[in-house]
Amino acid sequence: MPGETDLMQELHKEAADLLQQKKTDEYIVGHLITKGHERHYAETVLENVKEDVADKIGFRNTFLYGLGFIIAGVLLTYTSRHFAINSGAFFYFFFWGLMVAGISFIARAFIIFRK
């Protein structure tokens, strides 16, 4: 039913707004109860909102770790190549492991935290 889905989304948004305003859990649950919902349902909504916030933070952190690994791999490879060219060496180090790890972190972020 579209009406129930809209009501659930509205409750989640309202709880998320109150949580973002740093209101206490009891205040948020009490506010949802005054809207005519049972305590158990209000607590469930609050827990779902907290999980959504934690998932967004987890996605961001995992994505940034992956990006950091890729940047580190590229910079180290470029630096190694630069020193090899300037010193007349015939080889340089290619840090492909860091780049592969970064790509896997980014893929993991999109797979695990897909919502």
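Here is a short report on the structure shown in this document. (Residues numbered from 1 in each chain as written. Predicted model: local features only at pLDDT ≥ 70, side-chain atom pairs only at ≥ 80, totals over all residues. Heavy atoms only, no water.)

Rolling a probe over the atoms, with the probe sized like a water molecule, indicates the empty space that remains. Approximately 220 Å³ is the volume found for the largest pocket. Along its surface, the largest pocket is lined by Q9, H12, K13, A16, D17, L19, Q20, V49, D52, V53 and K56. Elements represented by at least two residues in the lining of the largest pocket include exactly α1 (2-20) and α3 (39-87). Considering every element that reaches the lining of the largest pocket, the biggest residue donor is α1, with 7 residues. Tallied by class, the residues present in the lining of the largest pocket amount to 4 nonpolar, 3 polar and 4 charged. (1 Å grid on protein atoms, 1.4 Å probe; cavity = no way out; pocket = protein on both sides within 12 Å on 5 of 7 lines; lining within 4 Å. Points joined across faces, edges and corners; volume = space filled by probe spheres on them. Helix = DSSP H or I, 4+ residues; strand = E, 2+ residues; numbered from the N terminus. Nonpolar A, V, L, I, M, F, W, Y, C, P; charged D, E, K, R; others polar.)

Our next topic: the packing of helix α2 (residues 25-34) against α3. It is the contact of α2 with α3, at a shortest axis distance of 9 Å, that shows an interaxial angle of 130 degrees. Classified by the angle between their axes, α2 and α3 sit oblique to one another. Crossing hand, α2 versus α3: right-handed. Across the interface between the two elements, D25, E26, I28, V29, L32 and I33 of α2 pack against R39, A42, E43, V45, L46 and K50 of α3. The residue inventory of the contact of α2 with α3, partitioned by class, reads 7 nonpolar, no polar and 5 charged. (Axes fitted to C-alpha atoms, helices over the stretch in contact; angles between N-to-C directions. Parallel < 35°, antiparallel > 145°, perpendicular 65-115°, else oblique. Left-handed = near helix turned anticlockwise from the far one by under 90°. Contact = heavy atoms within 4.5 Å.)

Before going further, it helps to spend a moment on helix α4 (residues 96-112). With 17 residues, α4 should reach 24 Å at 1.5 Å per residue; the first-to-last C-alpha distance of 24 Å fits that figure. Turning to α4, its buried residues are M99, G102, I106 and A109. End-on view of α4: buried residues confined to an arc of 85 degrees, all on one side of the axis. In this structure, α4 carries W96 and I111 as exposed residues pointing more than 90 degrees from its buried face. Those residues of α4 that are buried lie in contact with α3. (Expected span 1.5 Å × (residues − 1). Buried < 20%, exposed > 50% of the residue type's maximum accessible area, 1.4 Å probe, protein only. Arc of directions from axis to C-beta.)

In short, geometric facts, not functional conclusions.
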